[in-house]
Structures are given as C-alpha cells and as structure tokens.
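# Topology and contacts: notes
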Amino acid sequence: MHVAEILAAKAPAPVVTVAPDAGVRTLLALLAEHNIGAVVVSSDGTALDGIVSERDVVRHLHSDGTVVDNTVGAIMTAVVETCTPEDDLDALMATMTERRIRHVPVVAEGRLVGVVSIGDAVKHKIGQLEFERDQLDSYVRQA
C-alpha cells in the first residue's frame, strides 16, 4: 500500500497553507476554520517552508507566553519530514510513530501535493484489514 492510495481516498481539497510572515492569530483561525491540527507553511502555496501545528503553538505559549504576537515563521518547524506518493504506507507509519509526527506533507516533483495525518493512515489501514477479514470470512463460509 502506498501514500498515493490515501491521497486518492481523501476528499479532493487543496492543502491548507499559511505564509511564514502571517500572524499566529491567522494560523489559529485556519486551524479552527478547517478543523485541522497542522498547516503547511509555504510562501507560494506549493513550496514547503515548514509546518506548524497546535503542538508548536502550545509549546511556544508555554515557553514565552507571547505566541499570538509572533509570526508563523517564528514558531514553525523548519525541518520537515516529507514523503512521496510512491512511499510505502507501513514505512511512513513507522517513521511517524518513531519520530512522534502526526502530519507529513506529501511532495512530488518538488511540489506540495497533499498532507497525510496519522489518522488518515490508521483509517486506511483499518479499512484494508476489514476488507481482508471480510474476504476470509467469505472464503471460510464457502468451504
């Protein structure tokens, strides 16, 4: 199973991005509006400058208390784990678990094409297991 299968199963929607010079209040509005936990930071909507999550906001709020007066670029994670549509889902899930990453941008030919969350991966994996279970049940009933 590959990352492309998860992207195909998700509702076709553009990746939510925010500019690095946007304010954290803008970021918070995007998170709430789209009911998401992370936003890709991009100066042009296709390049990957970083990622910023609810976790980044909370950590900076705890450390200095002035997070809402900062820019997204000041609190984002600049070194971002990415994947490609051709990457193996099991390997990606292992990386996400080991590194405690919940959101991974998907990049193809240098362009941002999607985001995979751990929730997306688990949902897809459960669907696959349920399908296999149903196939085995059907096989056993025929025997």
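See the structure shown above.
One structure accompanies this document, and this report is about it.

Rules used in this analysis
Residues numbered from 1 in each chain as written. Predicted model: local features only at pLDDT ≥ 70, side-chain atom pairs only at ≥ 80, totals over all residues. Heavy atoms only, no water. Core = buried A, V, L, I, M, F, W, Y, C linked by side-chain atoms within 4.5 Å. Buried < 20%, exposed > 50% of the residue type's maximum accessible area, 1.4 Å probe, protein only. Helix = DSSP H or I, 4+ residues; strand = E, 2+ residues; numbered from the N terminus. Pairing = 2+ DSSP bridges. Arc of directions from axis to C-beta. Contact = heavy atoms within 4.5 Å. Salt bridge = Lys/Arg side-chain N within 4 Å of Asp/Glu carboxyl O.

In this section: the nonpolar core. Formed by 13 residues in total, the largest nonpolar core has its most connected members in V18, L27, V39, V52, V72 and I75. Those elements giving two or more residues to this core turn out to be α2 (24-34), β2 (38-41) and α4 (72-75). With four residues, the single largest contributor to this core is α2. The next biggest cluster of nonpolar side chains, apart from the first, holds twelve residues, and it includes V3, I6, M93 and M96.

Turning to the pairing of strand β5 (residues 111-117), a few remarks are in order. Successive side chains on a regular strand alternate, one facing one side of the sheet and the next facing the other. Most of β5 is tucked away: five of the seven residues are buried. One ladder, built from six bridges, connects strand β4 (residues 103-108) with β5; its direction is antiparallel. Note on β5: the bridge partner recorded for A108 is R111. Hairpin connection, β4 to β5: the antiparallel pair is bridged by two residues, and E109 has positive phi, about 55 degrees.

A few words on unusual backbone geometry. Look at N35: it is not a glycine, yet its phi comes out positive at around 55 degrees. Summarising the element assignment, N35 is placed in the loop between α2 and β2.

This part takes up α2. Three or more residues of α2 are buried, namely V24, L27, L30 and L31. Along α2, the residues classed as buried sweep out an arc of 115 degrees about the axis, all on the same side. Pointing more than 90 degrees away from the buried face of α2 are the exposed residues R25, A32 and E33. Residues of α2 that are buried sit in contact with β1 (17-18), β2, β3 (50-53), α3 (54-64) and α4. Just beyond α2, the residue with positive phi is N35, at close to 55 degrees.

Here the structure, examined in full by the defined rule, presents four salt bridges. Taking the shortest distance from any N to any O, the salt bridge between K125 and D90 comes out at 2.6 Å. Pair noted here: K125 is in helix α6 (residues 118-142) and D90 is in helix α5 (residues 89-99), with a separation of 35 residues, a long-range link. Given the relative accessible area of 22%, K125 is considered partly exposed. For D90, a relative accessible area of 41% translates into the label partly exposed. Between R133 and D134 there is a salt bridge; the shortest N-O distance is 3.0 Å. According to the relative accessible area criterion, D134 is partly exposed, its value standing at 39%.

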